[in-house]
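Given next are the chains, with one letter for each unit.
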Amino acid sequence: MLLGKVMGNIVSTRKNDKLTGYKLLLIKPYYGDEDRIFVAADQLGAGIGELVMITTGSPVRFGLDKEAPIDALVVGIVDKEPDL
Amino acid sequence: MLLGKVMGNIVSTRKNDKLTGYKLLLIKPYYGDEDRIFVAADQLGAGIGELVMITTGSPVRFGLDKEAPIDALVVGIVDKEPDL
Amino acid sequence: MLLGKVMGNIVSTRKNDKLTGYKLLLIKPYYGDEDRIFVAADQLGAGIGELVMITTGSPVRFGLDKEAPIDALVVGIVDKEPDL
Amino acid sequence: MLLGKVMGNIVSTRKNDKLTGYKLLLIKPYYGDEDRIFVAADQLGAGIGELVMITTGSPVRFGLDKEAPIDALVVGIVDKEPDL
Amino acid sequence: MLLGKVMGNIVSTRKNDKLTGYKLLLIKPYYGDEDRIFVAADQLGAGIGELVMITTGSPVRFGLDKEAPIDALVVGIVDKEPDL
(Lines give C-alpha, C1' and ligand atoms only; values in the text may rest on other atoms or scores of the structure.)
Protein backbone atom coordinates (compact mmCIF):
# COMPACT_ATOMS: atom_id res chain seq x y z
CA MET A 1 0.00 0.00 0.00
CA LEU A 2 1.07 3.58 -0.54
CA LEU A 3 0.92 6.45 1.91
CA GLY A 4 -0.39 9.76 0.64
CA LYS A 5 -1.75 13.12 1.68
CA VAL A 6 -5.24 14.18 0.68
CA MET A 7 -4.93 17.34 -1.44
CA GLY A 8 -8.52 17.91 -2.54
CA ASN A 9 -11.47 16.50 -4.42
CA ILE A 10 -12.11 15.72 -8.05
CA VAL A 11 -15.57 16.29 -9.48
CA SER A 12 -16.61 14.49 -12.63
CA THR A 13 -20.17 14.84 -13.85
CA ARG A 14 -19.79 12.73 -16.99
CA LYS A 15 -18.44 9.48 -15.64
CA ASN A 16 -18.76 5.71 -15.71
CA ASP A 17 -22.01 4.75 -13.95
CA LYS A 18 -20.27 2.42 -11.56
CA LEU A 19 -18.29 5.28 -10.04
CA THR A 20 -21.43 6.91 -8.68
CA GLY A 21 -21.37 7.21 -4.90
CA TYR A 22 -17.62 7.24 -4.40
CA LYS A 23 -15.78 10.32 -3.26
CA LEU A 24 -12.75 10.92 -5.46
CA LEU A 25 -9.69 12.35 -3.72
CA LEU A 26 -6.53 13.86 -5.14
CA ILE A 27 -3.62 12.15 -3.40
CA LYS A 28 0.00 13.29 -3.19
CA PRO A 29 2.47 10.46 -2.51
CA TYR A 30 4.08 10.79 0.91
CA TYR A 31 7.23 8.92 -0.13
CA GLY A 32 8.97 8.83 -3.48
CA ASP A 33 7.90 11.03 -6.37
CA GLU A 34 5.69 13.68 -4.77
CA ASP A 35 4.66 15.00 -8.15
CA ARG A 36 2.93 11.78 -9.17
CA ILE A 37 -0.40 12.95 -7.80
CA PHE A 38 -3.24 10.53 -8.46
CA VAL A 39 -6.92 9.99 -7.70
CA ALA A 40 -8.22 7.46 -5.16
CA ALA A 41 -11.79 6.56 -4.25
CA ASP A 42 -12.73 6.99 -0.59
CA GLN A 43 -15.47 5.60 1.61
CA LEU A 44 -13.81 6.31 4.96
CA GLY A 45 -14.37 10.05 4.97
CA ALA A 46 -10.75 11.20 4.78
CA GLY A 47 -10.31 14.94 4.98
CA ILE A 48 -7.92 17.32 3.25
CA GLY A 49 -4.45 17.17 4.79
CA GLU A 50 -4.92 13.75 6.33
CA LEU A 51 -2.39 10.97 5.77
CA VAL A 52 -4.03 7.93 4.25
CA MET A 53 -3.08 4.43 3.15
CA ILE A 54 -4.09 3.48 -0.40
CA THR A 55 -4.42 0.08 -2.02
CA THR A 56 -3.92 -0.02 -5.77
CA GLY A 57 -4.70 -2.38 -8.60
CA SER A 58 -6.53 -5.66 -8.59
CA PRO A 59 -6.80 -6.04 -4.76
CA VAL A 60 -8.98 -2.92 -4.62
CA ARG A 61 -11.98 -5.05 -5.47
CA PHE A 62 -11.80 -6.83 -2.10
CA GLY A 63 -12.33 -3.49 -0.39
CA LEU A 64 -15.43 -2.49 -2.36
CA ASP A 65 -19.03 -3.54 -1.79
CA LYS A 66 -19.65 -3.89 -5.51
CA GLU A 67 -17.62 -4.12 -8.69
CA ALA A 68 -16.33 -0.78 -9.98
CA PRO A 69 -13.53 0.39 -12.29
CA ILE A 70 -11.47 1.73 -9.39
CA ASP A 71 -7.72 1.14 -9.26
CA ALA A 72 -6.87 3.10 -6.08
CA LEU A 73 -8.83 3.05 -2.82
CA VAL A 74 -8.28 4.67 0.54
CA VAL A 75 -8.17 1.70 2.96
CA GLY A 76 -7.00 3.46 6.10
CA ILE A 77 -6.46 6.82 7.75
CA VAL A 78 -3.07 6.78 9.44
CA ASP A 79 -3.10 7.71 13.13
CA LYS A 80 0.30 9.36 13.24
CA GLU A 81 2.88 10.33 10.63
CA PRO A 82 5.82 7.91 10.53
CA ASP A 83 8.94 9.01 12.38
CA LEU A 84 11.77 7.37 10.43
CA MET B 1 -6.82 6.66 -11.16
CA LEU B 2 -4.64 8.94 -13.24
CA LEU B 3 -5.51 12.34 -14.62
CA GLY B 4 -4.54 13.06 -18.19
CA LYS B 5 -5.16 15.33 -21.14
CA VAL B 6 -6.54 13.98 -24.39
CA MET B 7 -3.95 14.64 -27.12
CA GLY B 8 -5.49 12.88 -30.10
CA ASN B 9 -6.66 9.58 -31.51
CA ILE B 10 -4.92 6.38 -32.47
CA VAL B 11 -6.15 4.45 -35.48
CA SER B 12 -5.31 0.78 -35.82
CA THR B 13 -6.81 -1.19 -38.67
CA ARG B 14 -5.11 -4.49 -37.89
CA LYS B 15 -6.06 -5.09 -34.30
CA ASN B 16 -7.37 -7.62 -31.81
CA ASP B 17 -11.05 -8.29 -32.62
CA LYS B 18 -12.16 -7.47 -29.10
CA LEU B 19 -10.96 -3.88 -29.46
CA THR B 20 -13.51 -3.14 -32.16
CA GLY B 21 -15.89 -0.36 -31.18
CA TYR B 22 -13.68 1.43 -28.70
CA LYS B 23 -12.25 4.84 -29.41
CA LEU B 24 -8.54 4.89 -28.63
CA LEU B 25 -7.17 8.14 -27.22
CA LEU B 26 -3.63 9.33 -26.76
CA ILE B 27 -3.33 10.57 -23.19
CA LYS B 28 -0.67 12.82 -21.68
CA PRO B 29 -0.29 12.45 -17.90
CA TYR B 30 -1.38 15.60 -16.08
CA TYR B 31 0.88 14.93 -13.09
CA GLY B 32 4.28 13.28 -12.98
CA ASP B 33 6.14 12.28 -16.12
CA GLU B 34 4.37 14.18 -18.89
CA ASP B 35 6.34 12.33 -21.54
CA ARG B 36 4.86 8.95 -20.64
CA ILE B 37 2.04 9.34 -23.13
CA PHE B 38 -0.19 6.27 -23.36
CA VAL B 39 -3.35 5.03 -25.02
CA ALA B 40 -6.71 4.67 -23.24
CA ALA B 41 -10.01 3.35 -24.52
CA ASP B 42 -12.96 5.72 -24.27
CA GLN B 43 -16.71 5.29 -24.30
CA LEU B 44 -17.60 8.66 -22.75
CA GLY B 45 -16.87 10.79 -25.80
CA ALA B 46 -13.92 12.76 -24.41
CA GLY B 47 -12.62 15.42 -26.77
CA ILE B 48 -9.12 16.66 -27.52
CA GLY B 49 -7.83 18.93 -24.76
CA GLU B 50 -10.21 17.66 -22.12
CA LEU B 51 -8.96 16.51 -18.74
CA VAL B 52 -9.99 12.95 -18.05
CA MET B 53 -9.66 10.38 -15.29
CA ILE B 54 -8.28 6.99 -16.32
CA THR B 55 -8.45 3.64 -14.59
CA THR B 56 -5.63 1.23 -15.38
CA GLY B 57 -4.99 -2.48 -15.05
CA SER B 58 -7.24 -5.24 -13.83
CA PRO B 59 -10.10 -2.98 -12.54
CA VAL B 60 -10.72 -1.76 -16.09
CA ARG B 61 -12.85 -4.83 -16.70
CA PHE B 62 -15.51 -3.60 -14.27
CA GLY B 63 -16.00 -0.55 -16.48
CA LEU B 64 -16.51 -2.46 -19.72
CA ASP B 65 -19.65 -4.13 -21.03
CA LYS B 66 -17.69 -7.10 -22.31
CA GLU B 67 -14.25 -8.59 -21.87
CA ALA B 68 -11.51 -6.88 -23.85
CA PRO B 69 -7.71 -6.63 -23.67
CA ILE B 70 -7.83 -3.04 -22.46
CA ASP B 71 -5.53 -1.88 -19.65
CA ALA B 72 -6.49 1.83 -19.56
CA LEU B 73 -10.01 3.24 -19.72
CA VAL B 74 -11.39 6.76 -19.50
CA VAL B 75 -13.83 6.58 -16.57
CA GLY B 76 -14.61 10.26 -16.13
CA ILE B 77 -14.31 13.69 -17.68
CA VAL B 78 -13.14 16.12 -15.02
CA ASP B 79 -15.35 19.19 -14.55
CA LYS B 80 -12.60 21.60 -13.59
CA GLU B 81 -8.82 21.44 -13.48
CA PRO B 82 -7.49 21.00 -9.94
CA ASP B 83 -6.26 24.12 -8.21
CA LEU B 84 -3.54 22.87 -5.86
CA MET C 1 -2.00 0.64 -23.64
CA LEU C 2 1.56 1.50 -24.57
CA LEU C 3 2.92 2.37 -27.97
CA GLY C 4 6.19 0.77 -28.99
CA LYS C 5 8.42 -0.04 -31.93
CA VAL C 6 9.23 -3.61 -32.83
CA MET C 7 13.01 -4.05 -32.54
CA GLY C 8 13.41 -7.76 -33.15
CA ASN C 9 12.56 -11.24 -31.97
CA ILE C 10 13.42 -13.24 -28.88
CA VAL C 11 14.01 -16.96 -29.20
CA SER C 12 13.70 -19.15 -26.15
CA THR C 13 14.00 -22.91 -26.56
CA ARG C 14 13.63 -23.79 -22.90
CA LYS C 15 10.40 -22.11 -21.93
CA ASN C 16 7.09 -22.52 -20.15
CA ASP C 17 4.92 -24.89 -22.22
CA LYS C 18 2.06 -22.43 -22.41
CA LEU C 19 4.20 -19.96 -24.35
CA THR C 20 4.49 -22.31 -27.31
CA GLY C 21 3.05 -20.82 -30.48
CA TYR C 22 3.44 -17.15 -29.62
CA LYS C 23 5.92 -14.95 -31.38
CA LEU C 24 7.95 -12.94 -28.88
CA LEU C 25 8.91 -9.45 -29.93
CA LEU C 26 11.39 -7.01 -28.42
CA ILE C 27 9.58 -3.70 -28.01
CA LYS C 28 11.07 -0.25 -27.50
CA PRO C 29 8.69 2.22 -25.82
CA TYR C 30 7.69 5.02 -28.20
CA TYR C 31 7.03 7.49 -25.39
CA GLY C 32 8.76 7.83 -22.03
CA ASP C 33 11.84 5.80 -21.14
CA GLU C 34 13.05 4.44 -24.45
CA ASP C 35 15.60 2.24 -22.73
CA ARG C 36 12.97 0.16 -20.94
CA ILE C 37 12.81 -2.37 -23.76
CA PHE C 38 10.54 -5.31 -23.02
CA VAL C 39 9.11 -8.43 -24.63
CA ALA C 40 5.54 -8.74 -25.90
CA ALA C 41 3.75 -11.71 -27.41
CA ASP C 42 2.29 -11.19 -30.86
CA GLN C 43 -0.37 -12.92 -32.92
CA LEU C 44 -1.01 -10.10 -35.40
CA GLY C 45 2.18 -10.54 -37.41
CA ALA C 46 3.85 -7.23 -36.56
CA GLY C 47 7.11 -6.66 -38.40
CA ILE C 48 10.36 -5.05 -37.34
CA GLY C 49 10.11 -1.26 -37.32
CA GLU C 50 6.33 -1.18 -37.06
CA LEU C 51 4.58 0.87 -34.40
CA VAL C 52 2.34 -1.29 -32.27
CA MET C 53 -0.06 -0.92 -29.37
CA ILE C 54 0.56 -3.20 -26.39
CA THR C 55 -1.73 -4.20 -23.55
CA THR C 56 -0.02 -5.17 -20.31
CA GLY C 57 -0.92 -7.02 -17.15
CA SER C 58 -4.10 -8.79 -16.20
CA PRO C 59 -6.22 -7.59 -19.20
CA VAL C 60 -3.91 -9.48 -21.57
CA ARG C 61 -5.89 -12.63 -20.88
CA PHE C 62 -8.94 -11.22 -22.66
CA GLY C 63 -6.88 -11.00 -25.84
CA LEU C 64 -5.64 -14.59 -25.80
CA ASP C 65 -7.40 -17.73 -26.97
CA LYS C 66 -6.11 -19.72 -24.02
CA GLU C 67 -4.52 -19.04 -20.66
CA ALA C 68 -0.80 -18.26 -20.81
CA PRO C 69 1.73 -16.52 -18.55
CA ILE C 70 1.93 -13.49 -20.83
CA ASP C 71 1.97 -9.96 -19.36
CA ALA C 72 2.36 -7.95 -22.58
CA LEU C 73 0.51 -8.53 -25.84
CA VAL C 74 0.48 -6.70 -29.16
CA VAL C 75 -3.19 -5.77 -29.63
CA GLY C 76 -2.89 -3.45 -32.61
CA ILE C 77 -0.63 -2.25 -35.38
CA VAL C 78 -0.86 1.53 -35.58
CA ASP C 79 -1.75 2.91 -39.01
CA LYS C 80 0.21 6.13 -38.73
CA GLU C 81 2.67 7.57 -36.22
CA PRO C 82 1.09 10.20 -33.98
CA ASP C 83 1.72 13.81 -34.92
CA LEU C 84 1.64 15.65 -31.59
CA MET D 1 9.03 -10.12 -5.60
CA LEU D 2 10.80 -7.16 -4.05
CA LEU D 3 13.32 -7.17 -1.26
CA GLY D 4 12.92 -4.57 1.47
CA LYS D 5 13.94 -3.64 4.98
CA VAL D 6 11.34 -3.31 7.71
CA MET D 7 11.44 0.30 8.98
CA GLY D 8 8.54 0.35 11.43
CA ASN D 9 4.82 -0.08 11.85
CA ILE D 10 1.81 1.85 10.62
CA VAL D 11 -1.21 2.19 12.88
CA SER D 12 -4.57 3.00 11.37
CA THR D 13 -7.62 3.02 13.62
CA ARG D 14 -10.12 4.06 10.96
CA LYS D 15 -9.62 1.47 8.26
CA ASN D 16 -11.33 -0.93 5.91
CA ASP D 17 -12.82 -3.78 7.98
CA LYS D 18 -11.04 -6.45 5.97
CA LEU D 19 -7.65 -5.14 7.07
CA THR D 20 -8.30 -6.05 10.69
CA GLY D 21 -5.79 -8.54 12.04
CA TYR D 22 -2.92 -7.76 9.70
CA LYS D 23 0.24 -6.09 10.92
CA LEU D 24 1.16 -3.22 8.62
CA LEU D 25 4.87 -2.63 8.08
CA LEU D 26 6.71 0.28 6.54
CA ILE D 27 9.13 -1.16 3.99
CA LYS D 28 12.15 0.50 2.40
CA PRO D 29 13.16 -1.01 -0.94
CA TYR D 30 16.53 -2.78 -0.73
CA TYR D 31 17.30 -2.26 -4.42
CA GLY D 32 16.35 0.62 -6.68
CA ASP D 33 14.66 3.75 -5.38
CA GLU D 34 15.17 3.59 -1.62
CA ASP D 35 12.89 6.55 -1.09
CA ARG D 36 9.82 4.73 -2.42
CA ILE D 37 8.88 3.48 1.02
CA PHE D 38 5.59 1.57 1.08
CA VAL D 39 3.36 -0.43 3.40
CA ALA D 40 3.09 -4.23 3.35
CA ALA D 41 0.89 -6.53 5.39
CA ASP D 42 2.69 -9.16 7.42
CA GLN D 43 1.66 -12.45 9.00
CA LEU D 44 5.17 -13.91 9.43
CA GLY D 45 6.22 -11.73 12.34
CA ALA D 46 9.00 -9.80 10.63
CA GLY D 47 10.87 -7.45 12.94
CA ILE D 48 12.33 -4.00 12.43
CA GLY D 49 15.59 -4.13 10.49
CA GLU D 50 14.93 -7.54 8.96
CA LEU D 51 15.23 -8.11 5.22
CA VAL D 52 11.98 -9.42 3.78
CA MET D 53 10.60 -10.53 0.45
CA ILE D 54 7.35 -8.90 -0.63
CA THR D 55 4.80 -9.96 -3.22
CA THR D 56 2.76 -7.18 -4.78
CA GLY D 57 -0.46 -6.86 -6.74
CA SER D 58 -2.96 -9.48 -7.74
CA PRO D 59 -0.89 -12.55 -6.62
CA VAL D 60 -1.09 -11.35 -3.01
CA ARG D 61 -4.48 -13.00 -2.71
CA PHE D 62 -2.93 -16.46 -2.99
CA GLY D 63 -0.95 -15.76 0.17
CA LEU D 64 -3.91 -14.66 2.29
CA ASP D 65 -6.42 -16.82 4.15
CA LYS D 66 -9.28 -14.55 3.16
CA GLU D 67 -9.96 -11.80 0.67
CA ALA D 68 -8.61 -8.40 1.67
CA PRO D 69 -7.69 -5.16 -0.11
CA ILE D 70 -3.96 -5.77 0.32
CA ASP D 71 -1.55 -5.08 -2.55
CA ALA D 72 1.74 -5.90 -0.79
CA LEU D 73 2.43 -8.86 1.48
CA VAL D 74 5.54 -10.09 3.26
CA VAL D 75 5.97 -13.65 1.93
CA GLY D 76 9.41 -14.45 3.32
CA ILE D 77 12.09 -13.36 5.74
CA VAL D 78 15.44 -13.56 3.98
CA ASP D 79 18.07 -15.65 5.78
CA LYS D 80 21.09 -13.66 4.66
CA GLU D 81 21.59 -10.41 2.78
CA PRO D 82 22.61 -10.96 -0.86
CA ASP D 83 26.30 -10.65 -1.62
CA LEU D 84 26.40 -9.43 -5.21
CA MET E 1 7.81 -9.72 -20.20
CA LEU E 2 11.11 -8.45 -18.90
CA LEU E 3 14.56 -9.68 -19.73
CA GLY E 4 16.98 -10.13 -16.86
CA LYS E 5 20.22 -11.76 -15.80
CA VAL E 6 20.28 -14.30 -13.01
CA MET E 7 22.52 -12.91 -10.24
CA GLY E 8 22.10 -15.51 -7.50
CA ASN E 9 19.67 -17.22 -5.18
CA ILE E 10 17.59 -16.04 -2.25
CA VAL E 11 17.08 -18.35 0.69
CA SER E 12 14.16 -17.79 3.02
CA THR E 13 13.50 -20.31 5.76
CA ARG E 14 10.53 -18.52 7.31
CA LYS E 15 8.21 -18.04 4.39
CA ASN E 16 4.65 -18.39 3.17
CA ASP E 17 3.83 -22.11 2.87
CA LYS E 18 2.76 -21.80 -0.73
CA LEU E 19 6.26 -20.73 -1.77
CA THR E 20 7.71 -24.10 -0.83
CA GLY E 21 9.30 -25.86 -3.78
CA TYR E 22 10.10 -22.83 -5.90
CA LYS E 23 13.65 -21.70 -6.48
CA LEU E 24 13.95 -17.97 -5.88
CA LEU E 25 16.37 -16.10 -8.12
CA LEU E 26 17.79 -12.60 -7.85
CA ILE E 27 17.28 -10.96 -11.23
CA LYS E 28 19.00 -7.87 -12.62
CA PRO E 29 17.01 -6.09 -15.35
CA TYR E 30 18.75 -6.33 -18.72
CA TYR E 31 17.17 -3.13 -20.04
CA GLY E 32 16.23 0.01 -18.15
CA ASP E 33 17.11 0.53 -14.50
CA GLU E 34 19.74 -2.10 -13.79
CA ASP E 35 19.65 -1.35 -10.09
CA ARG E 36 16.04 -2.44 -9.69
CA ILE E 37 17.05 -5.99 -8.84
CA PHE E 38 14.12 -8.21 -7.93
CA VAL E 39 13.27 -11.81 -7.07
CA ALA E 40 11.60 -14.24 -9.47
CA ALA E 41 10.49 -17.82 -8.92
CA ASP E 42 11.96 -20.38 -11.28
CA GLN E 43 10.98 -23.89 -12.33
CA LEU E 44 13.06 -24.04 -15.52
CA GLY E 45 16.44 -24.45 -13.85
CA ALA E 46 18.01 -21.16 -14.92
CA GLY E 47 21.63 -20.79 -13.86
CA ILE E 48 23.64 -17.81 -12.67
CA GLY E 49 24.59 -15.52 -15.54
CA GLU E 50 21.87 -16.76 -17.88
CA LEU E 51 19.53 -14.34 -19.62
CA VAL E 52 15.92 -15.12 -18.79
CA MET E 53 12.46 -13.83 -19.65
CA ILE E 54 10.21 -13.02 -16.71
CA THR E 55 6.46 -12.60 -16.53
CA THR E 56 5.16 -10.36 -13.76
CA GLY E 57 1.87 -9.72 -12.01
CA SER E 58 -1.46 -11.42 -12.44
CA PRO E 59 -0.54 -13.51 -15.55
CA VAL E 60 2.05 -15.40 -13.49
CA ARG E 61 -0.71 -17.68 -12.24
CA PHE E 62 -1.18 -19.18 -15.71
CA GLY E 63 2.41 -20.39 -15.58
CA LEU E 64 2.15 -22.14 -12.20
CA ASP E 65 0.78 -25.59 -11.42
CA LYS E 66 -0.91 -24.33 -8.27
CA GLU E 67 -1.87 -21.03 -6.72
CA ALA E 68 0.99 -19.20 -5.01
CA PRO E 69 1.75 -15.61 -3.99
CA ILE E 70 4.31 -15.17 -6.75
CA ASP E 71 4.43 -11.96 -8.79
CA ALA E 72 7.45 -12.72 -10.99
CA LEU E 73 8.20 -16.00 -12.75
CA VAL E 74 10.94 -17.11 -15.11
CA VAL E 75 9.04 -18.26 -18.21
CA GLY E 76 11.93 -18.71 -20.61
CA ILE E 77 15.69 -18.96 -20.92
CA VAL E 78 16.80 -16.81 -23.84
CA ASP E 79 18.90 -18.61 -26.45
CA LYS E 80 21.03 -15.64 -27.47
CA GLU E 81 21.46 -12.10 -26.17
CA PRO E 82 19.68 -9.53 -28.34
CA ASP E 83 21.82 -7.67 -30.85
CA LEU E 84 20.11 -4.29 -31.18
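One can find the structure itself at the top, above this paragraph.
Residues numbered from 1 in each chain as written. Chains lettered and ligands numbered in written order. Predicted model: local features only at pLDDT ≥ 70, side-chain atom pairs only at ≥ 80, totals over all residues.

**Some words on the overall build of chain A**
No. 1: A count of helices and strands for chain A gives zero helices and six strands.
No. 2: In sequence order, chain A lays out its α and β elements as β-β-β-β-β-β.
No. 3: Principal axes of the C-alpha set define a box for chain A whose edges measure 40 × 25 × 20 Å.
No. 4: The buried share of chain A, taken over its 84 residues, is 52%.
No. 5: Restricting the contact set of chain A to residue pairs at least 6 apart, pairs at least 24 apart contribute 50%. (Helix = DSSP H or I, 4+ residues; strand = E, 2+ residues; numbered from the N terminus. Buried ≥ 20, exposed ≤ 12 C-beta atoms within 10 Å, placed from the backbone. Contact = placed C-beta atoms within 7 Å.)

**Here's the deal with the interface of chain A and chain D**
No. 1: The interface of chain A with chain D comprises 24 residues on the first partner and 28 residues on the second.
No. 2: Mapped onto the side of chain A that touches chain D, the elements with two or more residues apiece are β1 (2–9), β5 (51–56) and β6 (72–77) of chain A.
No. 3: The greatest single-element share of the side of chain A that touches chain D, amounting to four residues, is contributed by β6(A).
No. 4: Split by residue class, the side of chain A that touches chain D holds 15 nonpolar, seven polar and two charged.
No. 5: Of the pairings in the sheet, the one linking β6(A) to strand β2 (residues 14–15) of chain D comprises two bridges and is antiparallel in character. Within β2(D), the position partnered with Gly76(A) by the bridge is Lys15(D). (Nonpolar A, V, L, I, M, F, W, Y, C, P; charged D, E, K, R; others polar. Pairing = 2+ DSSP bridges.)

**Digging into the environment of Gly76(E)**
No. 1: With respect to the helices and strands, Gly76(E) occurs in strand β6 (residues 72–77).
No. 2: According to the C-beta neighbour criterion, Gly76(E) is buried, with 25 such atoms within 10 Å.
No. 3: C-alpha separation for the pair Gly76(E) and Thr55(E), spaced 21 residues apart in sequence, amounts to 9.2 Å.
No. 4: Residues in contact with Gly76(E), not counting those within four places in the same chain, are Ser12(C), Arg14(C), Lys15(C), Asn16(C), Leu19(C), Val52(E) and Met53(E).

**A short note on the environment of Glu67(B)**
No. 1: Mapped onto the elements, Glu67(B) comes out in the loop between β5 (51–56) and β6 (72–77).
No. 2: As a C-alpha pair, Glu67(B) and Lys5(B) span 62 residues in sequence and 26 Å in three-dimensional space.
No. 3: Beyond its immediate chain neighbours, meaning those up to four positions away, Glu67(B) contacts Lys18(B), Arg61(B) and Phe62(C).

**Concerning the interface of chain A and chain B**
Put simply, an interface is often sized by how much accessible area is lost when its parts join up.
No. 1: The interface of chain A with chain B comprises 28 residues on the first partner and 24 residues on the second.
No. 2: Listing elements by their share of the side of chain A that touches chain B, those giving two or more residues are β1, β2 (14–15) and β4 (38–42) of chain A.
No. 3: Considering only residue class, the side of chain A that touches chain B consists of 13 nonpolar, six polar and nine charged.

**Concerning the relation of the copies chain A and chain B**
No. 1: The two copies are related by a screw motion: chain A maps onto chain B through a turn of 72° and a shift of 0.0 Å along the axis, at an RMSD of 0.0 Å. Taken together, these values place the two copies in the relation of a five-fold axis. The position closest to the rotation axis in chain A is occupied by the C-alpha of Ser58(A), lying 4.5 Å away.
No. 2: Mapped onto chain B, only 11% of the interface residues of chain A again fall at the interface, so the copies present different surfaces. (Least-squares fit on C-alpha atoms with pLDDT ≥ 70 in both.)

**Looking at the relation of the copies chain A and chain D**
No. 1: For these two chains of identical sequence, chain A goes onto chain D by a turn of 72° and a shift of 0.0 Å along the axis, with RMSD 0.0 Å.
No. 2: Of the interface residues in chain A, just 12% have counterparts in chain D that sit at the interface too, so the contact is made through distinct surfaces.

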